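Remarks on the overall topology
Next come the chains, spelled out residue by residue.
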Amino acid sequence: QVQLVESGGGLVQPGGSLRLSCAFSGETLRYYAIGWFRQAPGKEREGVSCDSSSTGTTNYADSVKGRFTMSRDNAKNTVYLQMNSLKPEDTAVYYCAAQYSYYCTGPSGYEYWGQGTQVTVSS
């Protein structure tokens, strides 16, 4: 029943910015923890950030702290990832994922996944 659709990816130069959106449908967003993940070619999927459903806690990978900001708008059933000061190593397919939980976990804990959106950082 839950569906997630990412959008906002594209090609950007190093130092540039992108804002990814994750549209959530089928349930009420406020009851779900949401995570952003990314996977580059030949690499393992890694966590980027996560936001709990009710604790007010947002976590970030060390590699993106200070550059990426995750937020949610429960009224619009949408989650965002603002990415600033982008680096070539940020190039990956970015996924949003949801779980019916108050807590963030590793990728195996998420029940629902979007199809991903490509982010390419290159000069």
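Criteria and thresholds
- Residues numbered from 1 in each chain as written.
- Predicted model: local features only at pLDDT ≥ 70, side-chain atom pairs only at ≥ 80, totals over all residues.
- Heavy atoms only, no water.
- Helix = DSSP H or I, 4+ residues; strand = E, 2+ residues; numbered from the N terminus.
- Rg over C-alpha atoms; globule rule 2.2 N^0.38 Å.
- Buried < 20%, exposed > 50% of the residue type's maximum accessible area, 1.4 Å probe, protein only.
- Pairing = 2+ DSSP bridges.
- Axes fitted to C-alpha atoms, helices over the stretch in contact; angles between N-to-C directions.
- Salt bridge = Lys/Arg side-chain N within 4 Å of Asp/Glu carboxyl O.

1. A short note on the overall build of the protein
For the protein, the count of helices and strands is zero helices and 11 strands. Listing every helix and strand of the protein by position from the N terminus yields β-β-β-β-β-β-β-β-β-β-β. For a compact globule of 123 residues, the expected C-alpha radius of gyration is about 14 Å, and the protein comes in at 13 Å, within 12% of that figure. If one aligns the C-alpha atoms of the protein with their principal axes, the spans along those axes are about 40 × 30 × 25 Å. In the protein, which comprises 123 residues, the share counted as buried stands at 41%.

2. Examining the sheet that holds strand E1 (residues 3–7)
Picture the strands of a sheet paired through backbone hydrogen bonds; they go either parallel or antiparallel. Pairing is antiparallel in the open sheet, where four strands are placed in the order E1-E3-E8-E7. Of all strands in the sheet, those bounded by a partner on one side alone are E1 and strand E7 (68–73). Taking the axes of each pair of neighbouring strands and ignoring which way they run, one obtains an average angle of 15° across the sheet.

3. Things to note about the side chain of Ser-21
Along the polypeptide, Ser-21 turns up in strand E3 (residues 18–25). The class of Ser-21 is buried, set by a relative accessible area of 19%.

4. What to know about the pairing of strand E4 (residues 33–39)
For E4, the buried fraction is high: six of the seven residues fall into the buried class. One ladder, built from five bridges, connects E4 with strand E5 (residues 46–51); its direction is antiparallel. Note that in E5 the partner of Ile-34 across the bridge is Asp-51. Connecting the antiparallel pair E4 and E5 is a turn made up of six residues, with Gly-42 showing a positive phi of about 75°.

5. Observations concerning the pattern of salt bridges
In this structure the tally under the stated criterion is five salt bridges. A salt bridge links Glu-46 to Arg-38, with the nearest nitrogen and oxygen atoms 2.7 Å apart. Of the residues examined, Arg-38 reaches a relative accessible area of 5% and is grouped as buried. Asp-90 is the salt-bridge partner of Arg-67, the closest N and O atoms lying 2.8 Å from each other. A residue pair is termed long-range when its members are at least 10 positions apart, and Arg-67 in the loop between strand E6 (58–60) and E7 and Asp-90 in the loop between strand E8 (78–83) and strand E9 (92–99) qualify at 23 residues. The pair Arg-67 / Asp-90 is uniform in exposure class, with both members buried. Each of Arg-38, Glu-46, Arg-67 and Asp-90 takes part in salt bridges that share partners, so that together they form one network.

In short, geometric facts, not functional conclusions.
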